[in-house]
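Here is how the chains run, residue by residue.
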Amino acid sequence: MSLLRQHVRGAARSLFPSCLLSHSPSHVRRTVHTKDVAQNASQTRPTHPRVVFSGIQPTGMPHLGNMLGALMNWVKLQREAAPEDKLIFSIVGWHALTLPQDPKELSAARREILAVLLACGIDPKRSIVFHQDENRHHAELAWILNCITPMGKLHRMTTWKSRLAASRNARDDSEVDESLLNVGLFTYPVLQAADILAYKTTHVPVGEDQQQHIELCRDLAVTFNKTFKGGKDDPPVFPLPRHVIPSTSCRVLSLKDPSSKMSKSSPDVNSRILLTDSAEQINKKIRRAVTDSITGISYDSDTRPGIANLVDILAACEDAKPQDVAVRYANRSHAEFKMDVAEAVEGLMSGPRREFERLRRDIAYLDSVSKSGAARAMEITEKTIDEVRKRTGLY
Ligand code: TYM
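Below is a short write-up of the structure. (Residues numbered from 1 in each chain as written. Predicted model: local features only at pLDDT ≥ 70, side-chain atom pairs only at ≥ 80, totals over all residues. Heavy atoms only, no water.)

## Here's the deal with the overall build of the protein
Stated formally: Here a strand is any run of E in DSSP of at least two residues, a helix any run of H or I of at least four, and the numbering for each starts at the N terminus. With a 1.4 Å probe rolled over the protein chains alone, any residue whose accessible area is under 20% of its type maximum counts as buried; one over 50% counts as exposed, and the rest are partly exposed. Calculation of accessible area relied on Shrake-Rupley with a 1.4 Å probe; when residues are assessed, cover is drawn exclusively from the protein chains displayed.
Counting its regular elements, the protein contains 16 helices and seven strands. Expressed as a percentage of the 395 residues in the protein, the buried residues total 50%. Accessible surface for the protein amounts to roughly 18700 Å². Of this, 53% is attributable to carbon and sulfur atoms.

Okay, here's the thing in structure tokens:
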């Protein structure tokens, strides 16, 4: 019997990882593991209801990074939310347009991502699930926020800087892909801030890669509140949203280059595991994952990034600490270890994958979910937009 099977046998294994890193307003990170989640939730939960908002781009099938870094965390938040908390999850079509998209593929991907969210366990009766591009208030608020966003801040955004660097590295002008340097990409983080602030969001569950965007969103909330104070007794319009991120064990790196994160855009399909990959494909990709020539398993992301990434993945699947996983496998071979990682990933993906295959064909159901989600979303944002219009003089 594999070590993995021995480990999970008899243990009530939750489908989703429950370790969270929560950013306090001072951006101090704190690791919260399974045992103290409930205690922590009661200590940090504000007296007023929480508003949780997050989004995902409809740009292809989600990979293991999206699953561990975002979707499963959303489901966990949904499961643990207090009845009065609002949970809002959006498929951000307007953000997808910042890179060239094939219209037919984008249209199919929008529906597919909705099916994925539902397949992972987002319950449309409990949470609001909708397409960002079906709520015009996001774009309206984004414009207003654009007008209080300093250009310098957007120039410093890493996503923009990396595109700019890519274009500057081109050997001559004919290699510069101007379509990747559009204004939409430049103001992408402002639209993201509008997504969040339109709901007066208090908590944003996203991966570490989104931290800079959340910081900008907080800055814009502060600037708006200061610039448009309203009357003497008027409260600030926007609360300061907190970044809720999964623990580092949920930051999934490329299987082929563990110095970069697992991403949809990497040209090497073997660098990522997709929700739709079969057990055989998962096995093959993990077997071929870049590791090292050191015997045994240990956890050190500086000296053994490839192995550490696999330890992180297994730990996230098992809801365990990576250090404990590494100790358990210390004397095992890479091949045995990889076999168990593949088995754990398949265990995590197989349920949502089956459900996705069933749901993706039920177009009438998917359309009814997104329609009612957009109506519920607009009911909330209508009030924010009215307030924003009054404060800014647009009435
Ligand atoms: P997107 O679509 O790139 O990614 C969706 C979520 O997946 C997380 N993620 C990862 N987590 C761990 N390891 C990885 N390798 C990995 N790759 C992606 C991301 O952190 C994210 O949580 N800008 C956002 C979408 C967005 C949004 C918003 C999010 C638009 N408006 C408002 C929150 C709130 C994005 O591009 O996500």
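So that's the structure; there's more coming.
## Structural notes on the nonpolar core
Rule in force here: Residues belong to a common nonpolar core when they are buried Ala, Val, Leu, Ile, Met, Phe, Trp, Tyr or Cys residues joined through side-chain atoms within 4.5 Å. All the domain ranges listed were derived from an automatic or database domain assignment. Note on definitions: a residue-residue contact is assigned when non-hydrogen atoms from the two residues lie within 4.5 Å.
Formed by 59 residues in total, the largest nonpolar core has its most connected members in Leu 64, Leu 117, Ile 313 and Val 345. For this core, the two domains that each supply at least three residues are domain 1 (38-149 + 187-252 + 362-392) and domain 2 (269-356). In this view, Leu 117 contacts Ile 56, Leu 71, Trp 74, Phe 89, Ile 91, Ile 122 and Val 129; residues no more than four positions away in its chain are not counted. By size, the runner-up hydrophobic cluster in this structure holds 40 residues, among which are Met 157, Leu 185, Leu 197 and Phe 238.

## Let's talk about the packing of aromatic side chains
Selection rule: Side-chain rings of Phe, Tyr and Trp (the six-membered ring for Trp) are treated as a pair once their centres are within 6.5 Å; stacked means planes under 30 degrees apart, edge-to-face means over 60, and tilted covers the remaining angles.
For the structure shown, the criterion picks out seven aromatic pairs. The interplanar angle of 45 degrees and the centroid separation of 4.8 Å between the aromatic rings of Phe 224 and Phe 228 together place this pair among those described as tilted. Among the aromatic residues, those joined into a cluster by ring pairs are Phe 53, Phe 130 and Tyr 199.

## Overview of unusual backbone geometry
Within the chain, Lys 200 stands out as a residue other than glycine whose phi angle is a positive 50 degrees. Positionally, Lys 200 belongs in the loop between helix H10 (188-197) and strand S6 (203-205). Exposure remark for Lys 200: the relative accessible area of 25% places this residue in the partly exposed category. For Asp 319, which is not glycine, the phi torsion reads 60 degrees and is therefore positive. Examined against the element boundaries, Asp 319 turns out to sit in the loop between helix H13 (305-318) and helix H14 (322-328).

## Some words on the side chain of Asp 277
By secondary structure assignment, the location of Asp 277 is in the loop between strand S7 (242-246) and helix H12 (279-287). Judged by its relative accessible area of 5%, Asp 277 is buried. Excluding residues within four positions of it along the chain, Asp 277 makes contact with Arg 272, Ile 282, Lys 285 and Arg 353.

## Describing the site of the ligand
Quick reminder of the rule: For this description, a residue counts as near a given molecule or strand if any of its non-hydrogen atoms is within 4 Å of it. Within 3.5 Å is the distance limit for a polar contact, defined as a pair of N or O atoms, with the added protein rule that one can donate a hydrogen and the other accept it, and that residues adjacent in sequence qualify only through two side-chain atoms.
Near the ligand, the surroundings consist of 26 residues, among which Tyr 188, Asp 195, Gly 207, Asp 209 and Val 252 are the closest. The contact in question runs from an oxygen atom of the ligand to an N or O atom on the side chain of Asp 209, over 2.5 Å. The protein chains hide 95% of the 710 Å² of surface that the ligand would expose on its own. When residues of the shell around the ligand are traced back to their parent elements, those giving at least two are strand S3 (51-56), helix H3 (64-80) and H10.

## As for the pattern of salt bridges
Two side chains of opposite charge can pair, provided their charged atoms sit close to one another. Counted only if it meets this: Note on definitions: salt bridges are taken to be side-chain nitrogens of Lys or Arg within 4 Å of carboxyl oxygens of Asp or Glu.
Summed over all chains, the structure comprises 18 salt bridges. Glu 140 is paired through a salt bridge with Arg 389; the nearest N and O atoms lie 3.3 Å apart. Linking Glu 140 in helix H6 (residues 137-146) with Arg 389 in helix H16 (residues 363-392), this pair joins segments that are 249 residues apart in sequence. Given the relative accessible area of 33%, Arg 389 is considered partly exposed.

## A few points about helix H8 (residues 158-168)
Each α-helix turn comprises 3.6 residues. Residues three or four places apart therefore point the same way. Test applied: Arc definition: directions from the helix axis to the C-beta atoms.
Among the residues of H8, Trp 160, Leu 164 and Ser 167 are the ones counted as buried. What you see down the axis of H8 is that its buried residues fit within an arc of 60 degrees, all on one side. Residues of H8 that are buried in the fold lie against helix H7 (151-155) and helix H9 (183-186).

## Some words on the packing of helix H5 (residues 103-120) against H16
This is how the line gets drawn: In this analysis, axes come from line fits to C-alpha atoms, helices being fitted only over the stretch in contact, and the angle between any two N-to-C directions falls in the range 0 to 180 degrees. Put simply, angles under 35 degrees are roughly parallel, angles over 145 are roughly antiparallel, angles from 65 to 115 are roughly perpendicular, and the rest are oblique. Residue type decides the class: Asp, Glu, Lys and Arg count as charged, Ala, Val, Leu, Ile, Met, Phe, Trp, Tyr, Cys and Pro as nonpolar, and the leftover types, Gly among them, as polar.
Following both chains from N to C, one finds H5 and H16 inclined at 85 degrees, their axes separated by 10 Å at the closest point. When the axes of H5 and H16 are compared, the pair comes out roughly perpendicular. Residues Arg 111, Leu 114, Ala 115 and Leu 118 of H5 form the contact with H16, whose participating residues are Ile 363, Tyr 365, Leu 366, Asp 367, Val 369 and Ser 370. In the contact of H5 with H16, the residues fall into seven nonpolar, one polar and two charged.

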